[in-house]
Amino acid sequence: MPDTLVRPTVDMAPTDRTARDMAPTHSTATPARRPDRFDRDGHDQLIDVRDLQAALPGIHGLRSWAHEALAVAPGESAVDIGSGSGSEVLAFAEAVGPTGHAVGVEPDPNLLAAAERRAAEAASTAKFATGDAYGLPFGPESFDAALCERVLQHLTAPARAAAEIARVLRPGGRVVVMDSDWGTAIVHPGNRQVVHQVIETLVTNTTNPFSGRRLSGLLHRAGLVIDEVGSHALVQDAGFGAGALVARISAMAVARGAITEQQREDLLTDLERGAESGDIHLSVTMFAVLAHKPE
Ligand SMILES: C[S@@+](CC[C@H](N)C(=O)[O-])C[C@H]1O[C@@H](n2cnc3c(N)ncnc32)[C@H](O)[C@@H]1O
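All values derive from a computational prediction rather than experimental measurement.

Conventions we followed
Residues numbered from 1 in each chain as written. Predicted model: local features only at pLDDT ≥ 70, side-chain atom pairs only at ≥ 80, totals over all residues. Helix = DSSP H or I, 4+ residues; strand = E, 2+ residues; numbered from the N terminus. Contact = placed C-beta atoms within 7 Å. Pairing = 2+ DSSP bridges. Axes fitted to C-alpha atoms, helices over the stretch in contact; angles between N-to-C directions. Expected span 1.5 Å × (residues − 1). Buried ≥ 20, exposed ≤ 12 C-beta atoms within 10 Å, placed from the backbone. Right-handed = clockwise from strand over helix to strand, strands pointing away. pLDDT = per-residue confidence, 0-100.

Let us look at the overall build of the chain. Looking only at helices and strands, the chain has ten helices and seven strands in total. A fraction of 79% describes how many contacts in the chain between residues 6 or more apart in sequence connect residues 24 or more apart.

Here it is in structure tokens:
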């Protein structure tokens, strides 16, 4: 698997509001572990940010690996679960050709509409269905290949999503699941205790923050056979400075009383100075698992 360095941009933060709405087992009993608490300016902007992210070389590299590992062939059927703005479904559509079937499942209506619009503009055969990882709108053994990228970290019940993936795969069908693991987040430079509290704030505000390390176990328990596990550190470009994420999360850390406003300012100053001198490192590691359904 490639190990290219990229800016983490949007995936350095939990972003999905829909996950909160769709997650059926989420309850007020677990208020700290929920998807997106951040306001966003609108879906179009979100789509733009995702496009930016998709254009980054590292994400391209990881996705190339996923497509190579899945090796979707003409005539096959492939599904992308939580397909966002649809780029990977378009790639699947090209791979399966006119005799195959490529579909994206997406609960967010704006993302779904954007993906459909793009497919139409590209004259792609990619199809999109409104749906949820907890209850995929397909019968059993419908697909030869499945992809699920950066979705499970937003789910309160990822095992149910894994069971759905196993259900819709044909015997011998392949899946790649990718996700970040926020326990691997690094923020440098800065006071270690303050940094710890900021990362802890990020972790407690992500529904399934350690998703990355759990992927293999999750798929194994769903009855799938693990074929390959890889990782990929998303390292923010040093020229990007402290970035918006640390500013936002550290403000949240102040709001929850984990750090003081002065500590936050000192951290942001340290990061800006680090950026100026080239001594800055902001990263999170993403994990990817290739698995298949036994014959
Ligand atoms: C970080 S985005 C990733 C999008 C896309 N997979 C990609 O890699 O560009 C998370 C996606 O998961 C979708 N999502 C959130 N909750 C979901 C659920 N319960 N079932 C299926 N998709 C969900 C969101 O709408 C969003 O498109």
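On the basis of which strands lie adjacent, the open sheet formed by seven strands has the order β3-β2-β1-β4-β5-β7-β6 and mixed pairing. The open sheet terminates on both sides in strands that have one partner only, identified here as β3 (127–130) and β6 (225–235). When strand polarity is set aside, the average angle formed by the axes of neighbouring strands in this sheet is 20°. Here strand β5 (residues 169–188) runs beside strand β7 (residues 281–292); their pairing, made up of eleven bridges, is antiparallel. Residue pairing in the sheet places Val176 in a bridge with Leu290 of β7. Against the sheet, helix α4 (residues 87–96) touches β1 (77–81), β2 (101–106), β3 and β4 (143–149), its axis set at about 165° to β2.

The terminal C-alpha atoms of helix α5 (residues 109–121) lie 18 Å apart, and with 13 residues this matches the ideal 18 Å at 1.5 Å per residue to within 8%. After α5 finishes, the residue Ala123 shows a positive phi value of roughly 50°.

In the case of a regular strand, side chains alternate between the two sheet surfaces. β2 sits mainly inside the fold: five of its six residues count as buried. Sheet analysis places β1 next to β2, joined by five bridges and oriented parallel. Its bridge partner being in β2, Ile81 is matched across the sheet by Val105. Since β1 and β2 lie parallel, the crossover through α4 that links them has a hand, and here it is right-handed. For β2 and β3, the ladder comprises four bridges, and the chain directions are parallel. In the sheet register, Glu106 faces β3, and the bridge partner there is Thr130. Traced from β2 through α5 to β3, the parallel crossover comes out right-handed.

A word on the environment of Gly223. Mapped onto the secondary structure, Gly223 falls in the loop between α8 (211–221) and β6. The class for Gly223 is partly exposed, based on 14 C-beta atoms found within 10 Å. Sequence separation of Gly223 and Pro294 is 71 residues, and the distance between their C-alpha atoms is 7.9 Å.

This part covers α4. With eight of ten residues buried, α4 is to be regarded as a mostly interior element. Two residues or fewer past α4, Gly97 is found with a positive phi of approximately 70°.

Taken as a whole, the chain shows an average pLDDT of 83; of its residues, 80% reach a score of 70 or greater. When the criterion is pLDDT under 50, residues 1–48 qualifies, and its contacts beyond four places in sequence or with other chains add up to 89 contacts.

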